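Coordinates in review
What follows is each chain in one-letter form.
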Amino acid sequence: GESVGLHLPTLSVQEGDNSIINCAYSNSASDYFIWYKQESGKGPQFIIDIRSNMDKRQGQRVTVLLNKTVKHLSLQIAATQPGDSAVYFCAESGGYNKLIFGAGTRLAVHP
Amino acid sequence: DGGITQSPKYLFRKEGQNVTLSCEQNLNHDAMYWYRQDPGQGLRLIYYSQIVNDFQKGDIAEGYSVSREKKESFPLTVTSAQKNPTAFYLCASSTGTGNQPQHFGDGTRLSIL
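The following paragraphs examine the structure supplied in this document. (Residues numbered from 1 in each chain as written. Chains lettered and ligands numbered in written order. Predicted model: local features only at pLDDT ≥ 70, side-chain atom pairs only at ≥ 80, totals over all residues. Heavy atoms only, no water.)

This brings us to the sheet that holds strand β5 (residues 56-58) of chain A. All names here are of chain A. Taken together, four strands build an open sheet; the order of strands is β2-β7-β6-β5 and the sheet is antiparallel. Edge strands, defined here as strands with exactly one partner in the open sheet, are β2 (19-24) and β5. Neighbour-to-neighbour, the strand axes of this sheet turn through a mean angle of 15 degrees, independent of strand direction. The pairing of β5 with strand β6 (residues 62-67) spans three bridges and is classified as antiparallel. (Pairing = 2+ DSSP bridges. Helix = DSSP H or I, 4+ residues; strand = E, 2+ residues; numbered from the N terminus. Axes fitted to C-alpha atoms, helices over the stretch in contact; angles between N-to-C directions.)

Turning our attention to the interface of chain B and chain A. Counting from both sides, the interface comprises 26 residues of chain B and, opposite them, 28 residues of chain A. For the pairing of chain B and chain A, the buried interface totals around 2200 Å² over both sides, and the portion due to carbon and sulfur atoms is 51%. At the junction of chain B and chain A, the tally comes to six residue pairs in polar contact (both at pLDDT 80 or more). Considering each element in turn, the side of chain B that touches chain A owes the most residues, four residues, to strand β5 (residues 43-51) of chain B. Within the side of chain B that touches chain A, the residues separate by chemical class into eleven nonpolar, twelve polar and three charged. (Contact = heavy atoms within 4.5 Å. Buried area = accessible area lost by both parts, 1.4 Å probe. Polar contact = N/O pair within 3.5 Å; in protein donor to acceptor, adjacent residues only side chain to side chain. Nonpolar A, V, L, I, M, F, W, Y, C, P; charged D, E, K, R; others polar.)

To continue, consider the pattern of salt bridges. As enumerated under the stated definition, the model contains six salt bridges over all chains in all. The shortest N-O distance in the salt bridge between A:D84 and A:R61 comes to 2.9 Å. Pair noted here: A:D84 is in the loop between β7 (72-77) and β8 (86-93) and A:R61 is in the loop between β5 and β6, with a separation of 23 residues, a long-range link. According to the relative accessible area criterion, A:D84 is buried, its value standing at 7%. Taking the shortest distance from any N to any O, the salt bridge between B:R44 and B:D38 comes out at 2.8 Å. Overlapping salt bridges bring together B:R36, B:D38 and B:R44 as one network. (Salt bridge = Lys/Arg side-chain N within 4 Å of Asp/Glu carboxyl O. Buried < 20%, exposed > 50% of the residue type's maximum accessible area, 1.4 Å probe, protein only.)

Throughout the structure, instances matching the rule amount to two disulfides over all chains. Note on cysteine connectivity: A:C23 is disulfide-linked to A:C90, with sulfurs 1.6 Å apart. With A:C23 in strand β2 and A:C90 in strand β8, the pair connects residues that are 67 residues apart, well separated along the chain. Owing to a relative accessible area of 7%, A:C23 belongs among the buried residues under this scheme. Between the sulfur atoms of B:C23 and its disulfide partner B:C91 the distance amounts to 1.9 Å. Every disulfide takes its handedness from the sign of the S-S torsion; for B:C23 and B:C91 that torsion is -75 degrees, giving left-handed. Of this pair, B:C23 sits in strand β3 (residues 19-25) while B:C91 sits in strand β9 (residues 87-94), and the two are 68 residues apart along the sequence. (Disulfide = S-S within 2.5 Å.)

Given below as structure tokens:
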């Protein structure tokens, strides 16, 4: 597979537990945020997004929380499964539909 | 199925050679993007195009060139001026209207011979 994420921080969880992946963003003026999942050798896959007028948004098994006061974003995955193992990236809007990506966090799910 | 197709999946470049990476989308998206991904780092923007016949430099455009002659196509050329081209290259597209998610292809891995 690709060598993406060789030196990334890793979150290890047991199958069935809930996972929380955190992200600090840089620009207090950013008004749009996205979480992506990237599996080895593939492109990032959209998971969920949130706009700055919200502080929480839920999807299927995932929840994104936004704390604008401390410029913090988190992704919560309920009942984590082996198929959730991947690198997760947060991204913030950079204007003109540009996105600024974080370095990523590797999620390792153990049986 | 609608999506973004990048080709080839693996590409090798000789010293002093220009190579072109293909990106095609059938999502009818106006905006397209090229990113570079290195191990342990997030994606960095090389070039983007919000509409046909127009494109803008991203954060690391030196040594790269693009064209946008058709809405569905946004090829990236890695020129010999790019001294460290070994990376995973990702193409994305979006509707281009306001803040919308970008949808990615499965990348091209470029290596130096």
